[in-house]
Amino acid sequence: GAAALQYTFIGAPGHSPRSLRQALLENPDPALLIKLFETFGPNWWMQRRSYTFRLAMEYDRMLHAHLVLEPAIGRGKFLEATSLVAGNTPQLGEIVTLRGFHHIERRPDGHLSLRGEATPGQPPVRVRWLASVDPNNSAGRVVATRETLLRGFVRDFDLFGLPDPLERLPALLSETVHGTQSTIHGDLNLENILVGPGGFVWLIDFAQTRDGHPLFDFAHLEAEIIAQVIAPQITSPIDYLTQQQESIHILRSTLHEIAGKCLFNPTQPREYQLSLTLACLGALKFANLNPHAKHLLYLTAAHTAKTL
């Protein structure tokens, strides 16, 4: 529909538009990021209003599901769709009985994603159900938790003396943030930003567009740039921490300048540092990223969280 028409519009005869990923791999020009903000910022991210929220309410969705369950025989304590898993997380091997999950989506692998209802100040419970049948009133065995999955993603990664950001994750999600709210894209990845002739930029795929924390978009985009644009240019993780190559780091510094325009308090960058830490940890779940890219994301989260 509309997205296809917009995609065609920004092209030119004989020249199809490129994704921002392709454009930045060919030429890491920060002007494209500036153009993106100049085009959409006035009507999106800069139309802000005060917004106080627990970080989990905006950023829990970036992370992996709370639990992965497989069908089991038996009965266990009820896992209610309206109860937050945090603080009462079932352990590996434990059997639970699911109840009240009405938001059910089929995944490409045939399994189901289950989502409960958000409660005041708490994000919804999210579960991956390793079957295709309705899980409600069925028993399931915990085969993975968010904690075990994240630990599995980073098991062999050296932090080079930096503190482990995963140890801080529960406390970070519980933080209260005094920020702002605006229209956000919700999935500002490098493939959803198209570049046409003359550096014209456009967005596609508005399925997750909503009112939210504007820094959500920029943190997600920075994690994408680290994993898909910077990682291919860095030979080793330690080089990423020590290398000051302008052509690589100017993209990140430009994004920080843009995000700074959306801070609740421009003199307090901690609001964005929180967002970036969670965005980098959330990106560890993406199967299309190789271990090297995930290592750089983990190091970014560790380095950023160190300052919090």
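Along each chain, residue indices are assigned from 1 in the same order as the chain's sequence is written. Only residues with pLDDT of at least 70 are given local features in this predicted model, and only at 80 or more are side-chain atom pairs given and counted; all residues enter the totals for whole chains, interfaces and linings. To get the side-chain values, all heavy atoms of the structure are used, and hydrogens and water are removed first.

## Focus on the sheet that holds strand E10 (residues 176-184)
To keep things clear, this is the line we draw: Here a strand pair is declared whenever DSSP counts at least two bridges between the two strands. Numbered from the N terminus, helices here are DSSP runs of H or I no shorter than four residues, and strands are runs of E no shorter than two. Interaxial angle, 0 to 180 degrees, is taken between N-to-C directions of lines fitted to C-alpha atoms, where a helix line uses only the stretch in contact. When checking whether two residues touch, look at their non-hydrogen atoms; a contact exists if any pair is within 4.5 Å.
As summarised here, the arrangement of the 3 strands in space is E2-E10-E13, forming an open sheet in which the pairing is antiparallel. Here the strands that pair on one side only, and so sit at the sheet edges, are strand E2 (49-54) and strand E13 (210-212). Strand-to-strand twist in this sheet, taken as the mean axis angle between neighbours without regard to direction, amounts to 40°. As paired strands, E2 and E10 are joined by 6 bridges and run antiparallel to one another. Paired with Thr52 across the strands is His178, a residue of E10. Each of E10 and E13 is contacted by helix H7 (residues 214-230), which is oriented at about 85° to E10, the strand it contacts most.

## What to know about the packing of aromatic side chains
Our working definition: Side-chain rings of Phe, Tyr and Trp (the six-membered ring for Trp) are treated as a pair once their centres are within 6.5 Å; stacked means planes under 30 degrees apart, edge-to-face means over 60, and tilted covers the remaining angles. For a lysine, the NZ atom is tested; for an arginine, the CZ atom; a charge sits over a ring if that atom is within 6 Å of the ring centre and within 35 degrees of the ring normal.
Counting across every chain of the model gives 11 aromatic pairs. Taken together, the aromatic side chains of Phe37, Phe40, Trp44, Trp45, Phe200, Trp202, Phe206 and Phe218 make up a single cluster linked through ring pairs. Over the face of the ring belonging to Phe78 we find Arg99, whose NZ or CZ atom lies 3.6 Å from the ring centre. It is Arg210 that lies over the ring of Phe216; its NZ or CZ is 4.8 Å from the centre.

## Overview of the sheet that holds strand E7 (residues 112-115)
Ordered by their spatial adjacency, 7 strands build an open sheet running E4-E5-E9-E3-E8-E7-E6, and the pairing between neighbours is mixed. If you trace the sheet from one side to the other, it starts and ends with strand E4 (77-80) and strand E6 (103-106), each paired once. This sheet shows a mean twist of 40° between the axes of neighbouring strands, independent of strand direction. Taken together, the 4 bridges between E7 and strand E8 (residues 126-129) define a ladder with antiparallel strand orientation. Its bridge partner being in E8, Ser113 is matched across the sheet by Arg128. With respect to the sheet, helix H5 (residues 146-153) is in contact with strand E3 (67-71), E8 and strand E9 (139-145), its orientation differing from that of E9 by roughly 35°.

## Some points on the pattern of salt bridges
The condition that has to hold: Every case where a carboxyl oxygen of Asp or Glu lies within 4 Å of a side-chain nitrogen of Lys or Arg is listed as a salt bridge.
Tallying each qualifying case throughout the model produces 13 salt bridges. One salt bridge in this structure joins Arg126 and Asp60, with 3.2 Å as the shortest N-O distance. Note that Arg126 is positioned in strand E8 and Asp60 in the loop between helix H4 (55-59) and E3, a separation of 66 residues in sequence. Arg252 serves as the salt-bridge partner of Glu222, at 2.6 Å between the closest nitrogen and oxygen. Placement of the pair is Glu222 in helix H7 and Arg252 in helix H9 (residues 246-260), with a sequence separation of 30 residues.

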